Amino acid sequence: MALETATSLHEAVGAVRNQEVLPDIERLAHLREALAALAITLARTHGPLARFAGAGVEALSPILS
């Protein structure tokens, strides 16, 4: 499960160097994707923590729309 989470996070965020050159809105979009990957993984074992991460994704959605 940890390897799957790490892979999902790497796909969502990418390399640090790539993040540094992106505009803030793109960085927030990647943060939302990373939180979604964490929420999906956590939902298997830690329901309350997954709901917290999901709330973070939901809070970022209006900003990115």
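Below is a short write-up of the structure. (Residues numbered from 1 in each chain as written. Predicted model: local features only at pLDDT ≥ 70, side-chain atom pairs only at ≥ 80, totals over all residues. Heavy atoms only, no water.)

Looking now at the overall build of the protein. Helix and strand counts for the protein stand at four helices and zero strands. Shown N-terminal to C-terminal, the secondary structure of the protein runs as helices and strands in the order α-α-α-α. Along the first, second and third principal axes, the C-alpha set of the protein runs to 35 × 30 × 10 Å. The proportion of buried residues among the 65 residues of the protein is 20%. In the protein, the proportion of contacts linking residues at least 24 apart, taken out of those at least 6 apart, comes to 54%. When the accessible surface of the protein is totalled, it reaches about 4600 Å², and 64% of it is carbon and sulfur. (Helix = DSSP H or I, 4+ residues; strand = E, 2+ residues; numbered from the N terminus. Buried < 20%, exposed > 50% of the residue type's maximum accessible area, 1.4 Å probe, protein only. Contact = heavy atoms within 4.5 Å. Areas by Shrake-Rupley, 256 points an atom, 1.4 Å probe, with all protein chains shown as cover.)

Turning our attention to the packing of helix α3 (residues 24-42) against helix α4 (residues 47-64). Between α3 and α4, whose axes approach to 8 Å, the crossing angle comes to 155°. Considered as vectors, α3 and α4 are oriented roughly antiparallel to each other. Where α3 crosses over α4, the handedness of that crossing is left-handed. Between α3 and α4, the contacting residues are I25, L28, A29, L31, R32, L35, A36, A39 and L42 on the first element and G47, L49, A50, A53, G54, G56, V57, L60, S61, I63 and L64 on the second. (Axes fitted to C-alpha atoms, helices over the stretch in contact; angles between N-to-C directions. Parallel < 35°, antiparallel > 145°, perpendicular 65-115°, else oblique. Left-handed = near helix turned anticlockwise from the far one by under 90°.)

Looking now at the environment of G14. The residue G14 is located in the loop between α1 (2-13) and α2 (16-20) in this model. With relative accessibility at 29%, the residue G14 sits in the partly exposed group. Separated by 24 residues in the primary sequence, G14 and L38 have C-alpha atoms spaced 15 Å apart.

Relative to the assigned elements, T41 resides in helix α3. Within the structure, T41 has its side chain in polar contact with the backbone oxygen of A37 (distance 3.1 Å). Not counting chain neighbours up to four residues away, the residues in contact with T41 comprise M1 and T5. (Polar contact = N/O pair within 3.5 Å; in protein donor to acceptor, adjacent residues only side chain to side chain.)

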